[in-house]
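One letter stands for each residue in the lines below.
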Amino acid sequence: MACLLLCVGLALAGCAVKPLMGQKNTLAPEEHAAALRGTLRHGDWIVMRTVRIVGNMVATVTQKPFSHAAIYDAEYDSAIEAVAHGVHRSSLEDLLRKSQRVLVIRPLWANDHNSRIAVERARNLLGKSYDYSGLVGLSARDRYYCTELC
């Protein structure tokens, strides 16, 4: 019954956001990566609207303009993110290839010390599994979805 309600809810919410699919809607990595690097600091959150099917579903269900998040690791010039195949490291260019819009968030608590701790915690989660159950409010210990990681 719960699965049926979820499917009906997704179908009814389908017109909430414009579906975005395919590479023609993505940001050009070579045009935007340098600008991001000039803005990003260690521990910043990179919040984006992806053009993938799951990104469309997340934006539709949450009624929000963004569907994914990652944490920036300045020491490796990369982002740590949680996706279907688990928590891993991605280049800024890879994030941009799957994104239609990007927002950089610097948490209010961010300072050199706290940001270093946040990135170290994210690094310690590399290789962990994706938390599918957390997407419906049933968080699993030792598995993570993107915003849970951040």
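Above this text sits the structure in question.
First, a word on what this report is: a plain description of the structure on this page. Worth saying up front: this structure is predicted, and the values here are computed from it rather than measured.

**Structural notes on the sheet that holds strand S4 (residues 86-91)**
Strands belonging to one sheet form pairs held by backbone hydrogen bonds; the direction of such a pair is parallel or antiparallel.
Move 1: Here five strands make up an open sheet; going across it, the order is S4-S3-S2-S1-S5 and the pairing antiparallel. The open sheet has two edge strands, S4 and strand S5 (99-105), and neither has a second partner. Across the sheet, the mean angle from the axis of one strand to that of its neighbour is 30°, orientation sign disregarded.
Move 2: Relative to strand S3 (residues 78-83), strand S2 (residues 68-73) runs antiparallel, the two sharing four bridges. Note that in S3 the partner of Asp 73 across the bridge is Ser 78.

**Here's the deal with the state of the cysteines**
Move 1: Applying the stated criterion to the full structure yields zero disulfides.
Move 2: The cysteine Cys 146 is free of any disulfide, with Cys 150 supplying the nearest cysteine sulfur at 6.8 Å.
Move 3: Exposure remark for Cys 146: the relative accessible area of 9% places this residue in the buried category.

**Concerning the side chain of Arg 123**
Move 1: With respect to the helices, strands and loops of the structure, Arg 123 is situated in helix H5 (residues 112-124).
Move 2: A polar side-chain atom of Arg 123 sits 3.1 Å from a polar atom in the side chain of Glu 75.
Move 3: Ignoring sequence-local partners within four residues, the contact set of Arg 123 consists of His 42, Asp 73, Glu 75, Tyr 76, Ile 80 and Arg 89.

**Considering the packing of aromatic side chains**
Move 1: Taken as a whole and assessed by the stated rule, the structure comprises two aromatic pairs.
Move 2: Taking the centre distance of 6.4 Å and the plane angle of 65° together, the rings of Trp 45 and Trp 109 count as edge-to-face. Of this pair, Trp 45 sits in strand S1 (residues 45-50) while Trp 109 sits in the loop between S5 and H5, placing them 64 residues apart in sequence.
Move 3: Overall, the relative accessible area of 22% leaves Trp 45 in the partly exposed class.
Move 4: Between Tyr 130 and Tyr 132, the ring centres sit 4.8 Å apart and the planes meet at 70°, which makes this aromatic pair edge-to-face.
Move 5: Over the ring of Tyr 76 we find Arg 89, and its NZ or CZ is 4.3 Å from the ring centre.

Rules used in this analysis
Sequence order as written defines residue numbering, which begins from 1 separately in each chain. It should be noted that, the model being predicted, local features are given only for residues of pLDDT at least 70 and side-chain atom pairs only at 80 or more, the latter also being counted only at that level, while totals for whole chains, interfaces and linings use all residues. Excluded from the side-chain calculation are hydrogens and water; included are all heavy atoms of the structure. Strands qualify as paired when DSSP identifies two bridges or more between them. Helix and strand labels come from DSSP, where a helix needs a run of H or I of at least four residues and a strand needs a run of E of at least two; each type is numbered from the N terminus. Axes here mean lines fitted to C-alpha atoms, for a helix over just the part in contact, with angles spanning 0 to 180 degrees between N-to-C directions. Throughout, disulfides are identified as pairs of cysteine sulfur atoms within 2.5 Å of each other. With a 1.4 Å probe rolled over the protein chains alone, any residue whose accessible area is under 20% of its type maximum counts as buried; one over 50% counts as exposed, and the rest are partly exposed. Identification of polar contacts relies on pairs of N or O atoms within 3.5 Å, with a donor-acceptor requirement for protein atoms, meaning one able to donate a hydrogen and the other able to accept it, and with residues adjacent in sequence counted only if both atoms are side-chain atoms. Two residues form a contact once any of their heavy atoms are found within 4.5 Å. Pairing of aromatic side chains requires ring centres within 6.5 Å, counting the rings of Phe and Tyr and the six-membered ring of Trp. Pairs whose planes differ by under 30 degrees are stacked, by over 60 edge-to-face, and all others tilted. Charge-over-ring placement is defined geometrically: NZ (Lys) or CZ (Arg) within 6 Å of the ring centre, and within 35 degrees of the ring normal.

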